[in-house]
Amino acid sequence: PDKKGIEARLFDKAKNDTITLPGTTSIAKKGTFSDKKETGFLTDPYLFEGYAWYSKDVHIDESDTDKNIFLFLERTRLTKIWIDDTFAGEFDSLTTPHYYDITRFVKKTDFRITVLVSNVDYPTKGGHLTSPDTQTNWNGITGDISLIISDKTGIRNIQAYPDVKTYPDVDKKSVTVILKTVNDTAEDKKVTLNVNAFLTDINGDTGIKAPSAEIQVIFAKGESTAEFEYFLGEDAVLWSEYTPVIYRLEISLCGSDEKTVTTFGLRKFSTTETKFLINGEPAFLRGKHDGLVFPLTGAVPADLDEWVRVMKISKSYGINHYRYHTCCPPEAAFILLGIYMEPQLPFWGTLTAPDDENHNETEQNYLIEEGFRMLNTFGNHASYCMMSLGNELWGSKERMAEIITGYRNVDNRHLYTQGSNNFQHTPVLLPERPPGAGLRPPPARWRRG
């Protein structure tokens with residue numbers, strides 16, 4: 001808790017304890033027990049705040065030492081990592097996975113991974129991701145923890161755009177696919193891709209697939225992007241709350257068994273002056289606030305079964321919309337069941353312009369980057385319909401408009417709003433007139449909408 005250990009290398013001396021991951025120190029009952037009963041927020045009987053060290057010895061095959069190797073931590077706090085005794089990087093996202101390229105640090109088949117997780121000194125207050133009244137300020141690593149080993153030449157990321165202005169994709173039932181590629185050879189390569197898409201629902205594959213395609217693209221040397229259009233066929237099914245079906249998109253290089261996989265839904269979520277539309281039809285949002293409250297664990301689950309269970313309950317009450325109050329759920333929450341979702345940046349407070357008093361450029365840049373990471377990580381999901389800058393925000397409406405415009409220019413698959421309950425009882429509309437959430441009529445009775 002005194003945040004020591006990096007210089008003193010205390011993690012080398014503390015190997016007399018074990019923990020099962022994924023999980024948190026509190027779930028594992030690590031730390032000092034307290035019988036204090038909180039009434040304003042969740043009681044964590046094993047609250048630990050500070051530096052926690054997690055080490056594991058790893059073995060890989062000899063043939064994998066010549067490949068690219070990445071460490072994937074699905075959800076955690078602030079992390080620094082070491083491979084054996086060599087510092088290998090740090091990452092600070094609260095909403096998206098920590099993804100480390102450790103290729104150059106792995107010299108042999110046996111090595112030790114050490115992860116320092118800090119749940120103090122956050123770059124922002126963190127909204128309901130870290131506030132004690134919803135989750136707890138847990139320490140640990142939850143969700144998927146894995147090594148990803150891939151060929152030197154291949155696909156690192158897939159973004160699927162079923163609604164791009166230059167392609168009326170929903171009408172044509174096609175999707176624009178943008179690949180992040182890596183080519184470690186000395187020159188550009190023309191690559192033939194095998195592309196397949198399988199229609200899935202909550203029970204798995206439906207047995208319906210889109211026509212296969214072989215598509216040639218250029219993998220520029222080094223890291224680059226490649227783009228193509230993939231047609232799903234006239235019988236392609238649109239995603240909505242009534243047809244919550246998604247496509248599993250599988251892409252491989254011809255002659256390779258290594259597949260890069262993502263999921264997406266074919267949908268268009270839009271507005272008129274007074275309505276939300278899903279695929280051109282009016283959609284009435286019956287929503288709930290969600291602060292990722294899971295009181296039995298104090299930490300949000302990342303497994304699909306738990307999210308299916310929770311959302312089935314919500315849908316049984318007629319709920320079709322989640323507003324994630326100053327937080328963003330993990331991948332599993334986005335996948336199925338046809339919920340219109342609005343994640344938010346992990347922030348409530350004041351968004352100021354650079355010339356304003358008390359402007360915090362470091363925090364604001366962090367929040368903006370966190371938004372781009374959310375879009376890149378979860379943006380393919382059809383349920384990711386809206387995005388908000390946060391909750392109960394104050395400050396510069398011009399700065400808010402700039403941030404929203406920056407997001408929209410990069411990713412137009414979602415509707416963007418300045419926030420929820422911004423400026424409280426004095427609504428301030430942005431020039432872009434985006435959809436808003438938040439209404440507080442006169443003080444006789446405060447209301448929210």
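Predicted, not measured: the structure shown is a model, and the values here were computed from it.

**As for the sheet that holds strand 3 (residues 68-75)**
No. 1: Overall, antiparallel pairing links the four strands, which are arranged 1-8-3-6 in an open sheet. Each of the sheet's edge strands pairs with one partner strand only, and the pair in question is strand 1 (23-24) and strand 6 (98-101).

**What to know about the packing of aromatic side chains**
No. 1: Per the stated rule, a full pass over the model turns up 16 aromatic pairs.
No. 2: Measuring from centroid to centroid gives 5.7 Å for Y247 and F264, while their planes differ by 20°, and the two rings are stacked. Residue Y247 is found in strand 15 (residues 246-253), and its partner F264 is found in strand 16 (residues 259-264); the two are separated by 17 residues along the sequence.
No. 3: By relative accessible area, which is 2% here, Y247 ends up buried.

**Section: the sheet that holds strand 17 (residues 269-271)**
No. 1: Reading across the sheet, the three strands line up as 17-18-19 and stay open at both edges, with antiparallel pairing between neighbours. Bordering the open sheet on either side are strand 17 and strand 19 (281-283), each of which pairs with just one other strand. Strand-to-strand, the axes of this sheet are offset by a mean angle of 45°, without reference to chain direction.
No. 2: Pairing geometry for strand 18 (residues 276-278) and strand 19, over three bridges, is antiparallel. Across the sheet, residue F276 finds its bridge partner in strand 19, namely A283.

**Looking at the confidence of the model for the chain**
No. 1: On average, residues of the chain carry a pLDDT of 89, and 91% of them reach 70 or more.
No. 2: Of all helices and strands in the chain, the one with the weakest mean pLDDT is helix 2 (residues 169-172) (58), whereas strand 6 scores best (98).
No. 3: In the predicted structure, residues 164-169 sits below a pLDDT of 50 and forms 15 contacts with residues beyond four places in sequence or in another chain.

**Details of the pairing of strand 10 (residues 174-183)**
No. 1: By the criterion of burial, strand 10 is predominantly enclosed, with eight of the 10 residues buried.
No. 2: The sheet contact formed by strand 9 (residues 154-161) and strand 10 spans seven bridges and is antiparallel. If you follow I155 over to strand 10, its bridge partner there is T181.
No. 3: Relative to strand 14 (residues 222-231), strand 10 is paired through 10 bridges, and the arrangement is antiparallel. What sits directly across from T181, in strand 14, is S224.

The rules behind each value
- Residues numbered from 1 in each chain as written.
- Predicted model: local features only at pLDDT ≥ 70, side-chain atom pairs only at ≥ 80, totals over all residues.
- Heavy atoms only, no water.
- Pairing = 2+ DSSP bridges.
- Helix = DSSP H or I, 4+ residues; strand = E, 2+ residues; numbered from the N terminus.
- Phe/Tyr/Trp six-rings, centres within 6.5 Å; stacked < 30°, edge-to-face > 60°.
- Buried < 20%, exposed > 50% of the residue type's maximum accessible area, 1.4 Å probe, protein only.
- Axes fitted to C-alpha atoms, helices over the stretch in contact; angles between N-to-C directions.
- pLDDT = per-residue confidence, 0-100.
- Contact = heavy atoms within 4.5 Å.

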